[in-house]
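Structure assessment
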Amino acid sequence: MQNVKTGFNSIVKYLSTKKEVGRRSIGLLVDGPNVLRKEFDINLEEIRDVLKEYGNVKIGRVFLNQYASNKLVEAVENNGFEPVICSSDVDVRLAVEGMDLVHNPNIDTLALVTRDADFKPLLNKANEHGKETIIFGVEPGFSTALRNSSDYVIILNTGEVSIPEEEMS
């Protein structure tokens, strides 16, 4: 059973305690078509700020389909992320880039922003290769399989974070 804390302040406070262990090198991948929707009101700046408390975001990519507006692409760039425009399936491209991060010795932590259970195998491979994993998800539709495959789970539109029990002591 995992303990749950709520609110971005508690998340930031908790992750800032991880600084003592050492700064992590983070690879962040965002599933744009799945989470960057008006109904979810996701703020990329908040995600980046939460991760900055935990480590250094070395790679930050937001995957978008070919129908993404110029305004969205500009917003992604203004938030310090690299937009990746996909002419085919966004999930496939994100998974391939994710596997590159799993095998990148300069990345300690893989962070994903998605609701999609299709990325469970990617999380499993990351864990298998000793990478820490963080999932930022949104409700409704956030995959239970993703929740159970990641070291840290942050639900953005509720401000909840799940923390492994061994870290609560």
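Before any of the text, the structure's been laid out above.
Just so we're clear, the structure is a prediction, and the values are computed from it rather than from any experiment. (Residues numbered from 1 in each chain as written. Predicted model: local features only at pLDDT ≥ 70, side-chain atom pairs only at ≥ 80, totals over all residues. Heavy atoms only, no water.)

1. Examining helix H5 (residues 90-102)
We count it as follows: What counts as a helix is a DSSP run of H or I of at least four residues, what counts as a strand is a run of E of at least two, and both are numbered from the N terminus. Take the residue count of a helix, subtract one, and multiply by 1.5 Å to get its expected span. A simple rule labels every residue: compare its accessible area, found with a 1.4 Å probe on the protein chains alone, to the largest value its type can have, and call it buried under 20%, exposed over 50%, or partly exposed in between. In this description, one arc is meant: the one made by directions from the helix axis to the C-beta atoms. By the convention used here, residues are in contact when the closest approach between their heavy atoms is within 4.5 Å. Each polar contact in these results corresponds to two N or O atoms within 3.5 Å; when the atoms are within protein, one needs to be able to donate a hydrogen and the other to accept it, and residues that are neighboring in sequence are counted only if both atoms are side-chain atoms.
In this model, H5 (13 residues) spans 18 Å end to end at C-alpha, consistent with the 18 Å of a helix rising 1.5 Å per residue. Val-90, Asp-91, Leu-94, Glu-97, Gly-98, Leu-101 and Val-102 are the residues of H5 that are buried. Buried residues in H5, looked at end-on, bunch into an arc of 150°, giving them a common side. Those residues of H5 that are buried lie in contact with strand E2 (24-31), helix H2 (32-35), strand E3 (55-65), strand E4 (82-86), strand E5 (109-113) and helix H6 (120-128). Of the residues flanking the start of H5, the one acting as N-cap is Asp-89, its side-chain oxygen 2.9 Å from the backbone nitrogen of Asp-91.

2. A short note on the pairing of strand E6 (residues 132-137)
On any regular strand, side chains alternate: one points to one face of the sheet, the next to the other face. The test is simple: When the strands point away from the viewer, a crossover counts as right-handed if the path from the first strand over the helix to the second runs clockwise. For two strands to be treated as a pair, DSSP must find at least two bridges joining them.
Counting buried positions along E6 yields six of six residues, so the element is predominantly enclosed. Of the two faces of E6, both are covered, the one formed by Glu-132, Ile-134 and Phe-136 as well as the one formed by Thr-133, Ile-135 and Gly-137. A crossover links E5 with its parallel partner E6, the connecting element being H6, and its sense is right-handed. Sheet topology places E6 next to strand E7 (residues 152-155); four bridges connect them, and they run parallel.

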